[in-house]
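Chains, contacts and geometry: an overview
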Amino acid sequence: MPAILRLSLVLTTFFLSACRPPDTVEVVDSREPFRDDREPAEATEYQRFAENTTQTMFQWTKPQDWRGVKASQFREINFAFGPSSEGECYLTVLAGSGSGVAENFNRWRAQFGMEPMKEGEVAALPTETFLGRMVPALDISGSYNPGSMSPGGSVPKAEWRLVGVIMEAPGAVITVKMTGPKALIEAEQENLDAFLASVVPAPNLR
Amino acid sequence: MNAEPTTPSSPSAQVRVRGPLDRILAVLSSFHIACVCFALVLILTFVGTIYQKETLFGLYDCQRYYFESWIVPRVAWPLGIPLPGMALVFAVMFVNILAGGVLRIRKSKRTIGVVISHLSILGFFIAGAVSLWTKTEGHLQVNEKSENSIVQSAMDWVIEVRELKSADGQAPQDNSVRFIKDKFYRDCVGDRTRDFTSSVWPFTLTVGGYVRNAQIVPADDPDLGSKAPRDGAFAILALSVKATNEENIGGARVEVKDKSGNRVVSGLSTALERAPIVFETGGKRFSVSMTRERWEVPFSVFLDDFRAEYYPGTRKARAYESDIKVRHSNGNESNHLISMNNPLRDSGYVAYQTSFDDKAPPGEEKYSVFTVVKNRSDQWPLYSLIACTLGLVIHFVYKLYLFLNRNARRQEPQAAKAL
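Residues numbered from 1 in each chain as written. Chains lettered and ligands numbered in written order. Predicted model: local features only at pLDDT ≥ 70, side-chain atom pairs only at ≥ 80, totals over all residues. Heavy atoms only, no water.

1. As for the overall build of chain B
- A count of helices and strands for chain B gives 6 helices and 17 strands.
- Against the 2.2 N^0.38 benchmark of 22 Å for 419 residues, chain B shows a C-alpha radius of gyration of 29 Å, more extended than a compact globule.
- By residue count, 45% of the 419 residues in chain B fall in the buried class.
- Across chain B, every contact between residues at least 6 apart in sequence was considered, and the portion connecting residues at least 24 apart equals 55%.
- For chain B, the accessible surface area stands at approximately 22,100 Å², while carbon and sulfur atoms represent 57% of it.
- Side-chain charges of chain B comprise 50 positive and 42 negative groups, with the mean position of each set lying 13 Å from the other. (Helix = DSSP H or I, 4+ residues; strand = E, 2+ residues; numbered from the N terminus. Rg over C-alpha atoms; globule rule 2.2 N^0.38 Å. Buried < 20%, exposed > 50% of the residue type's maximum accessible area, 1.4 Å probe, protein only. Contact = heavy atoms within 4.5 Å. Areas by Shrake-Rupley, 256 points an atom, 1.4 Å probe, with all protein chains shown as cover. Lys, Arg positive; Asp, Glu negative; His and termini not counted. Charge placed at Lys NZ, Arg CZ, Asp CG, Glu CD.)

2. Some words on the sheet that holds strand β4 (residues 193-197) of chain B
- A sheet is described by the order of its strands in space; here 5 strands give the open sequence β1(A)-β4(B)-β5(B)-β9(B)-β10(B), paired in mixed fashion. The sheet is open, and its two edges are formed by β1 (24-26) of chain A together with β10 (263-270) of chain B, each paired on a single side. Across this sheet, the average inter-strand angle for adjacent strands is 25°, counted without regard to direction.
- Inspection of the sheet shows β4(B) paired to strand β5 (residues 203-211) of chain B by 4 bridges, in the antiparallel sense. From the neighbouring strand, F196(B) faces β5(B), where its bridge partner is L205(B). (Pairing = 2+ DSSP bridges. Axes fitted to C-alpha atoms, helices over the stretch in contact; angles between N-to-C directions.)

3. Considerations on the sheet that holds strand β5 (residues 77-81) of chain A
Residues and elements named next belong to chain A.
- Ordered in space as β4-β5-β6-β10-β9-β8-β7, the 7 strands form an open sheet in which the pairing is antiparallel. Sheet topology places β4 (67-69) and β7 (127-130) at the edges, where each strand pairs with a single neighbour. Taken pair by pair, the neighbouring strands of this sheet meet at an average axis angle of 30°, ignoring direction.
- Relative to strand β9 (residues 157-169), strand β8 (residues 133-144) is paired through 7 bridges, and the arrangement is antiparallel. Bridged to D139 within β9 is V163.
- Strand contacts of helix α5 (residues 182-198): β5, β6 (87-95), β7, β8, β9 and β10 (172-181), with the helix running at about 145° to β10, the strand carrying the most contacts.

4. Brief notes about the domain arrangement of chain B
All names here are of chain B.
- Looking at chain B, the domain boundaries give domain 1 (20-134 + 378-418), domain 2 (138-150 + 298-374) and domain 3 (153-295).
- With 5 residues of domain 2 at the contact, the number on the domain 3 side is 4 residues.
- Taking both sides of the interface into account, the surface hidden between domain 2 and domain 3 amounts to around 340 Å²; carbon and sulfur atoms contribute 65%.
- The largest contributions to the domain 2 side of the interface with domain 3 come from G138, H139 and I150, which together make up 78% of the buried area.
- Between the two partners, domain 2 and domain 3, sit 0 salt bridges.
- Counting every contact that joins domain 2 to domain 3 gives 0 residue pairs in polar contact (both at pLDDT 80 or more).
- Of all the elements in the fold, those that place two or more residues in the side of domain 2 that touches domain 3 are β1 (136-143) and β2 (147-164).
- Taken together, the residues of the side of domain 2 that touches domain 3 sort by class into 2 nonpolar, 3 polar and no charged. (Domains from an automatic or database assignment. Buried area = accessible area lost by both parts, 1.4 Å probe. Salt bridge = Lys/Arg side-chain N within 4 Å of Asp/Glu carboxyl O. Polar contact = N/O pair within 3.5 Å; in protein donor to acceptor, adjacent residues only side chain to side chain. Nonpolar A, V, L, I, M, F, W, Y, C, P; charged D, E, K, R; others polar.)

5. Concerning the nonpolar core
- One finds L91(A), F130(A) and V176(A) to be the most contacted residues of the largest nonpolar core, which totals 34 residues.
- Going through the elements one at a time, β5, β6, β8, β9, β10 and α5 of chain A together with β6 (214-218) and β8 (234-238) of chain B are the ones with two or more residues in this core.
- If you tally residues by element for this core, the top one is α5(A), at 5 residues.
- Ignoring any residue separated from it by four or fewer positions in sequence, one finds V176(A) in contact with C89(A), Y90(A), L91(A), W108(A), F130(A), V163(A), G164(A), V165(A), L192(A), F195(A) and L196(A).
- Counting residues in each nonpolar core, the second largest holds 25 residues, with W201(B), F203(B), V207(B) and Y210(B) among its members. (Core = buried A, V, L, I, M, F, W, Y, C linked by side-chain atoms within 4.5 Å.)

Here is the structure:
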């Protein structure tokens, strides 16, 4: 065998044998902490992978039958449920006054073609416990038209139901809105209650 | 270039094969090896350039696969043909030139220029090797009217492990941040895992399910495959790998086991996570996170002002520059202007103006980006080039002298005859 070929074979064998790191590796690389490095805070799984600031502010438990859905601008914590995911539930934080409780309830009612509530009617609404406070809850049914801005467009949905709560917090309005076919919402009412009860403020990441 | 005896007039012609060492040197300095190496350099350069455009590899991968590797990985074999990497080819060329152009060549005043030139070419190889193995390069992004000293790699991900204050507020015993470079877990895809240990850790860290371009999605996302790495309520969705490596976001599944092998914590980690995994074991608290490789330079850069000039009617920058203050920990402060061909050189680092907030309207750019490089062999190619030039000048001047001398000797008898 020519010498050049022998040399090539030896070199190839040597370098191929050194290609893959072993199954256990001792970590030797290190650096000093940066000058202004602060220790990280403990965070929940949801906070670590939060898609938006709202998801860093709360902890919650997702009902088992529900499916997490990618957040969007006004669906900051977003779920779907039902056989073909036709049921929706999402939490939204509207910064500032967020138009207030009555205006938001009336916007939801308008999606069902209902008149705005009269003065005093909001105060008379049933309440749910949410974030440690009793907050007004709306439960309406009918033909639902979420508007052209919503996923699914402005096609009206017959026999639909909406259950939701709105809480006025300092500097923000927090809403939780669940919609879907009437029968499905009926079956998911307990899951909604469990979800509302599970939402608590999360430790500050800063 | 090499000292294979060729013609009787060759400077090395008088070299004779004597013992085993000479035989080995004769093989190592062979012209055949040199020719094969040159051919491979041509092929690798051609393939490495063409594949940047015609495949999904992109610049970063082509550089890694063809120009920085010992053996071209199988995924990058052109037409299924295995190839050595440029590092191996250059290593062989180095030995070839060293054996032929420096060791075997006859040393005399006739060959001094040639030896200098060969040595200087070895200088190029050494500069390349030092750069390949020790150069650090990253981006320093500075907002206007603020300062930064942390450089972030645009390419490489690391898993950082840091000891934190204990639950009762005691300072960590190990102040260093330990990190695992992605070359150690890049192959941990699918079911393959690798354990990482350290003498200062009371645990073993297992990394698996590495995904080069990862997106964290809920574990019940319908787009997930059955083998997608999952943990708790989340999973890693593998996105298609982008040709521009800076756009890929690495992700992996990590698991911490104590010394007895009991699971302490597990979780997914990606470079876009908002907070690390924090856990306690062996009476100590630690954090684990995936992040871009980062390091701190011994000075901070304060961005006073950023200016960009655009081609008329376009958003394409014609030139851009930054007025900066360089602040050292001893309180020294100096003003500099960094522009496209005018870098900052400080403490062994070179900072080039490379990018800026190009999404903002002209005049409202909010940040400037500098590429910060530390390369010990930065100037070595220049020195090698000067030495090479000097060697060739010596050689050619000597040859000219011999030529003129010979001509003069030939003309002397003719002149005598004429007299």
